[in-house]
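Inside the fold
One letter stands for each residue in the lines below.
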Amino acid sequence: MKLSDVVAFMGHQVHVCRYREAGTLLDWMGRDLRGRRVLDVAGGDGYWAGRARKRGAEAVSIDLDRRKMEYGRTLTHAPALIECDALRLPFGDAVFDAVLSVCAIEHFDDGGRSLDEMARVLRPGGEIFMSADVLSRADAWPKLRDAHKAKYHVQHTYTHESLRKLMDERGLDLVKHSYQFRTAAAERLYLSLSAYGGKVGFNAAAPLTPLVALADRRAPNERGSIVLIHARKRAEAQA
């Protein structure tokens, strides 16, 4: 295994939330992706699109961070990496079978516009697998909330219901959703790590992942720090 693969693994999978978050979305997408065209929107170095490629997909990752993409090209299972704006995708209509987007929509000034583009490039019957910041209880800890939003340039937060509405307007049906960091203690942990710990803190907290996952399974699936979404484009939908 190349050094770049080891570093990417540590950054993406030895992480108290990213492995569960992106890993769950990828598992929803399926183990066998042969013959499927997958687009990762705002995919950074393309690591998770690369996981889709490893499962047989023809995978493309787009981002505006050239440095991250240059690093991504050194990975063993690198997808096609294209520098472009998520609000103006350089692809034709209905050319992808699945769209992946890991906690990206909250960074856009116009989240609806990003969904317009995701829906446009998705074929009828195609699927979107995405996550978004919710921060259900963030108002209880305003300093942590503000630090998180400033550090990660969070413009908006979403729930599964607000995303359902936005998707319905674009010919997309919500199939299922799942919240992560559902309890108050877990959400405060998430905000504290994001505000003060950064990537190092999230990685150092990785041993807590089983405890967070257990707490999530026991808590109602109605709020949390992050929401995961699986949606499908209607067969009759016009992008």
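Residues numbered from 1 in each chain as written. Predicted model: local features only at pLDDT ≥ 70, side-chain atom pairs only at ≥ 80, totals over all residues. Heavy atoms only, no water.

**A few points about the environment of M130**
Among the structural elements, M130 can be located in strand β5 (residues 122–133). Sequence-wise, M130 and A49 are 81 residues apart; in three dimensions their C-alpha atoms are separated by 13 Å. Every residue in contact with M130, bar those within four places of it in the chain, is listed here: L25, S101, I105, L115, M167, V227, L228 and I229. (Helix = DSSP H or I, 4+ residues; strand = E, 2+ residues; numbered from the N terminus. Contact = heavy atoms within 4.5 Å.)

**Considering helix α2 (residues 18–29)**
In this model, α2 (12 residues) spans 16 Å end to end at C-alpha, consistent with the 16 Å of a helix rising 1.5 Å per residue. In the stretch just after α2, G30 is the one whose phi turns positive, near 130°. (Expected span 1.5 Å × (residues − 1).)

**Notes on the UniProt feature "domain: Methyltransferase type" (unreviewed entry) in the chain**
The positions that UniProt labels "domain: Methyltransferase type" (unreviewed entry) are, in the present scheme, residues 39–129. Annotated as 29% helix and 30% strand, the span residues 39–129 places its first and last C-alpha atoms 10 Å apart. (UniProt positions renumbered as here; feature names shortened; annotations may be inferred.)

**Some remarks on the nonpolar core**
One finds M29 and Y190 to be the most contacted residues of the largest nonpolar core, which totals 34 residues. Going through the elements one at a time, α2, α3 (47–54), β4 (96–101), α8 (184–204) and β7 (226–233) are the ones with two or more residues in this core. The greatest single-element share of this core, amounting to six residues, is contributed by α8. In terms of nonpolar packing, the next biggest core, distinct from the first, is built from 33 residues, M118, A119, V134 and V227 among them. (Core = buried A, V, L, I, M, F, W, Y, C linked by side-chain atoms within 4.5 Å. Buried < 20%, exposed > 50% of the residue type's maximum accessible area, 1.4 Å probe, protein only.)

**What to know about the packing of α2 against α3**
Interhelical geometry of α2 versus α3 gives an angle of 40° and a closest axis separation of 11 Å. Looking at the two axes, α2 sits oblique to α3. Between α2 and α3 lies a crossing whose hand is right-handed. Every residue of α3 that contacts α2 at R18, Y19, A22, G23 and L26 is listed here: W48, R51 and A52. In the contact of α2 with α3, the residues fall into five nonpolar, one polar and two charged. (Axes fitted to C-alpha atoms, helices over the stretch in contact; angles between N-to-C directions. Parallel < 35°, antiparallel > 145°, perpendicular 65-115°, else oblique. Left-handed = near helix turned anticlockwise from the far one by under 90°. Nonpolar A, V, L, I, M, F, W, Y, C, P; charged D, E, K, R; others polar.)

**Brief notes about the environment of V200**
Structurally, V200 can be placed in helix α8. You can call V200 exposed: its relative accessible area is 65%. Considering only alpha carbons, one finds V200 and G126, 74 residues apart in sequence, at a separation of 36 Å.

**Comments concerning the sheet that holds strand β6 (residues 172–180)**
The mixed open sheet is built from seven strands, whose spatial order is β3-β2-β1-β4-β5-β7-β6. This sheet does not close on itself; its edge strands, each paired only once, are β3 (80–83) and β6. Neighbour-to-neighbour, the strand axes of this sheet turn through a mean angle of 15°, independent of strand direction. As judged from the seven bridges shared by β5 and β7, these two strands associate in the antiparallel manner. From the neighbouring strand, M130 faces β7, where its bridge partner is I229. Each of β1 (37–41), β2 (58–63) and β4 touches α3; the most contacted strand, β2, lies at about 175° to it. Relative to the sheet, helix α5 (residues 111–121) contacts β1, β4, β5, β6 and β7, its axis offset from that of β5 by approximately 150°. (Pairing = 2+ DSSP bridges.)

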